[in-house]
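Residues per chain are reported as follows:
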Amino acid sequence: MIYSDKVIQHFKNPHNQGSIENADTVGEVGNPSCGDVMKIYLKIEDRIIKDVKFETLGCAAAIAVSSALTDMVKGKSIDEALEITRQQIIEDLGGLPEVKVHCSMLGIEALHEAIKKYEKKD
Ligand code: FES
């Protein structure tokens, strides 16, 4: 399987990896096709994502996607963050091997889950 240079860079040196202790919301999803799990922590102020971190038990593609996604959402409003598509992330990463496309959904689903929970609390 061939990964783009950008995927390999993100995988070797993931951005925003870890957890946020006093996060305003956390989204967690599992990938039914491989059993991997993704968690996204958000710190939100005035509907702006001030900080974001992720933890994953996942493959290289899932890590690279989360790293790129968390870079993209930082500083955005939660409405803007919800508009980010899987295609945008895949393009930002210079493509993903076809068999890894399902992995790219994990980060987005966890982000949506976290925002959904936050909106319910508000
Ligand atoms: Fe599980 Fe990629 S193989 S997230």
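These lines cover the structure that appears in this document, whether it is placed above or below. Just so it is clear, the structure is predicted and the values come from calculations on it, not from any experiment.

**Regarding the nonpolar core**
General note: in soluble globular proteins, nonpolar side chains tend to be found buried as a group. Grouped together as the largest cluster of nonpolar side chains are 35 residues, with contacts concentrated most on Met 38, Ile 40, Leu 42, Leu 69, Val 73, Ile 89 and Leu 111. Put simply, the parts of the chain that give this core at least two residues each are β2 (37-45), β3 (48-57), α2 (60-73), α3 (78-83), α4 (86-92) and α5 (103-121). When near neighbours in sequence (up to four residues on either side) are disregarded, Leu 111 contacts Ile 40, Leu 42, Leu 69, Val 73 and Ala 81.

**Overview of the pattern of salt bridges**
Considering all chains together, one arrives at five salt bridges under this definition. Arg 47 serves as the salt-bridge partner of Asp 79, at 3.3 Å between the closest nitrogen and oxygen. Separated by 32 residues along the polypeptide, Asp 79 in helix α3 and Arg 47 in the loop between β2 and β3 bring together distant segments of the chain. Judged by its relative accessible area of 31%, Arg 47 is partly exposed. With its nearest N and O atoms 3.8 Å apart, the salt bridge here joins Lys 74 to Asp 51. One end of the pair, Lys 74, is in the loop between α2 and α3; the other, Asp 51, is in strand β3, and 23 residues separate them in sequence. Overall, the relative accessible area of 38% leaves Lys 74 in the partly exposed class. One network of salt bridges, in which partners are shared, links Arg 47, Asp 79 and Glu 119.

**Some thoughts on the sheet that holds β2**
Taken in spatial order, the three strands make up an open sheet running β1-β2-β3, and their pairing is antiparallel. In this open sheet, the two strands that pair with only one neighbour each are β1 (25-30) and β3. Taking the axes of each pair of neighbouring strands and ignoring which way they run, one obtains an average angle of 15° across the sheet. Here β2 pairs with β3 via nine bridges, running antiparallel. Its bridge partner being in β3, Lys 39 is matched across the sheet by Glu 55. Of the strands in this sheet, β2 and β3 are in contact with α2, which crosses β3 at around 175°. Sitting on the sheet, α5 is in contact with β1 and β2, with an inclination near 140° to β1.

Analysis parameters
- Residues numbered from 1 in each chain as written.
- Predicted model: local features only at pLDDT ≥ 70, side-chain atom pairs only at ≥ 80, totals over all residues.
- Heavy atoms only, no water.
- Core = buried A, V, L, I, M, F, W, Y, C linked by side-chain atoms within 4.5 Å.
- Buried < 20%, exposed > 50% of the residue type's maximum accessible area, 1.4 Å probe, protein only.
- Helix = DSSP H or I, 4+ residues; strand = E, 2+ residues; numbered from the N terminus.
- Contact = heavy atoms within 4.5 Å.
- Salt bridge = Lys/Arg side-chain N within 4 Å of Asp/Glu carboxyl O.
- Pairing = 2+ DSSP bridges.
- Axes fitted to C-alpha atoms, helices over the stretch in contact; angles between N-to-C directions.

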